[in-house]
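Chain by chain, the residues run as shown.
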Amino acid sequence: MKKITIQDVAKELNLSRNTVAKALNNSETVAYETRYVVIKKAYEMGYSKLSPLVLNEYKIKDKLEKVRTVVVFARRELSTFWNRIIMGISDELNKNNCKLQLNFISEEDEAKHIAPLDVDTDMSGIIILNVFHKEFLELILKKDVPVVFLDGPSDVFEISTMGDIVIFEGFHSTRKITEHLLSQGNRKLAFIGDTSYCRTIRDRHDGFRSALMDYGIEPEERYMITRHVEHKYYKQEEVHGELEKLKDLPEAIVCANDDIAKDVMLWLKRKGIKVPEEVALTGFDDKEEVELLSPALTTVHIGNQRMGRRLVQQLIWRIDNLDLPKEIVVINTETIIRESSIRKGND
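Residues numbered from 1 in each chain as written. Predicted model: local features only at pLDDT ≥ 70, side-chain atom pairs only at ≥ 80, totals over all residues. Heavy atoms only, no water.

(A) Up close: the packing of helix α5 (residues 80-95) against helix α12 (residues 304-320). Where α5 contacts α12, the two axes come as close as 7 Å, and the packing angle between them is 45 degrees. Put simply, α5 runs oblique to α12. Relative to α12, α5 is oriented so that their crossing is right-handed. Only N304, Q305, G308, R309, L311, V312 and Q313 of α12 make contact with α5, whose side of the interface consists of F81, R84, I85, M87, G88, I89, D91, E92 and L93. (Axes fitted to C-alpha atoms, helices over the stretch in contact; angles between N-to-C directions. Helix = DSSP H or I, 4+ residues; strand = E, 2+ residues; numbered from the N terminus. Parallel < 35°, antiparallel > 145°, perpendicular 65-115°, else oblique. Left-handed = near helix turned anticlockwise from the far one by under 90°. Contact = heavy atoms within 4.5 Å.)

Here you go:
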């Protein structure tokens, strides 16, 4: 069998030997598309001196030529928080030559177990952005395709066989925030968040309790506002209703997210209670809206667009590694201390 040379490839493509040689060495002096055409032709002709790097680039390009559809399921109540995650998903899908199909799920559809009618039959993968009931998940995940969840139920292992799960780190970051409050002499601390709703809120609550335990402080149950409520404290009236029940206020309130913290701050201001002088306050998520709060809110930065990209990266990896065990991936977060939790004389 004749040995294939650079000259053979050049002749087949009607290119100069010099251009083909540079392309096969992955030289950036040759346009990417030209390099791809040369690498592909050389591979097809059986040229034996392709380096692993160049061969890998050919294989990557070859895999991506077929456009894949990824379906994203999300609740209807979108905000800038979710929009940024979806932007990250869209950007990373485009980079990987994938098409985004977004399906919104209403609370009524979930309750009545009504699956979307427009689910693409040729989907390559699914991303679930919100925490849905397991029975509803089983309805929409009947197709045998890879699935990646953002967050999961409080007992995340309920869905761990269904797909990979990506979670924002919450235990250590909330523990750090709580230690920050304790270091300033606060001893009466409250936590607000529906711990039965999802794993991330449970982790934040566990981190809160862990910090108290290290300081030898027993959590005061009247300040543990963690019971299940219909809207998981995302409705202002649920937050304000719980605060109204308190016979006395804590020295600091650790909120499971920025939405709760925003409603707590509003309630405190209406009551003429100063933050942080009388009650220190913290949130979680570092949403854009908190920049408008005064005083500035201590919170945890999660990086929404980065998370969107990471969800896609996990899905693409899973598509290529179907036989490997399911994963629970924890993404690091960053604690940000601002005015809302700093007592004067302690900064």
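(B) Spatial organisation of the sheet that holds strand β6 (residues 189-192). As summarised here, the arrangement of the four strands in space is β7-β6-β8-β9, forming an open sheet in which the pairing is parallel. Each of the sheet's edge strands pairs with one partner strand only, and the pair in question is β7 (224-225) and β9 (280-282). Of the pairings in the sheet, the one linking β6 to strand β8 (residues 252-255) comprises four bridges and is parallel in character. In the sheet register, L189 faces β8, and the bridge partner there is A252. Most of the contacts of helix α8 (residues 171-183) go to β8, to which it runs at about 175 degrees, and overall it touches β6, β8 and β9. The strands touched by helix α9 (residues 199-214) within the sheet are β6, β7 and β8, with β6 carrying the most contacts at an inclination of about 170 degrees. (Pairing = 2+ DSSP bridges.)

(C) Region of interest: the pattern of salt bridges. Counted according to the given criterion, the structure contains 20 salt bridges. With a shortest N-O distance of 3.2 Å, D248 and K188 are connected by a salt bridge. Pair noted here: D248 is in the loop between α10 (236-245) and β8 and K188 is in the loop between α8 and β6, with a separation of 60 residues, a long-range link. Relative accessible area serves as the criterion here: at 28%, K188 is assigned to the partly exposed category. A network of salt bridges, in which partner residues are shared, links K188, E220, R222 and D248. (Salt bridge = Lys/Arg side-chain N within 4 Å of Asp/Glu carboxyl O. Buried < 20%, exposed > 50% of the residue type's maximum accessible area, 1.4 Å probe, protein only.)

(D) Representation of the packing of aromatic side chains. The final tally for this structure, using the stated rule, is four aromatic pairs. Ring centres 5.7 Å apart and planes at 45 degrees place the aromatic pair F132 and F136 in the tilted group. With a relative accessible area of 6%, F132 lands in the buried category. By relative accessible area, which is 0% here, F136 ends up buried. Here the guanidinium or amino end of R204 rests over the ring plane of F284, the centre of that ring lying 3.6 Å away. (Phe/Tyr/Trp six-rings, centres within 6.5 Å; stacked < 30°, edge-to-face > 60°. Lys NZ or Arg CZ within 6 Å of the ring centre and 35° of its normal.)

(E) Representation of α5 in the model. Compared with the 22 Å implied by 1.5 Å per residue over 16 residues, the 22 Å span of α5 between its first and last C-alpha is a close match. Of all the positions in α5, only F81, W82, I85, I86, G88, I89, E92 and L93 are classed as buried. The arc that holds the buried residues of α5, viewed along the axis, is 155 degrees, so those residues lie on one side. Seen from the open side of α5, the exposed residues pointing more than 90 degrees away from its buried face are N94 and K95. Against the buried residues of α5 lie β1 (68-75), β2 (98-105), β3 (123-128), β4 (147-150) and α12. (Expected span 1.5 Å × (residues − 1). Arc of directions from axis to C-beta.)

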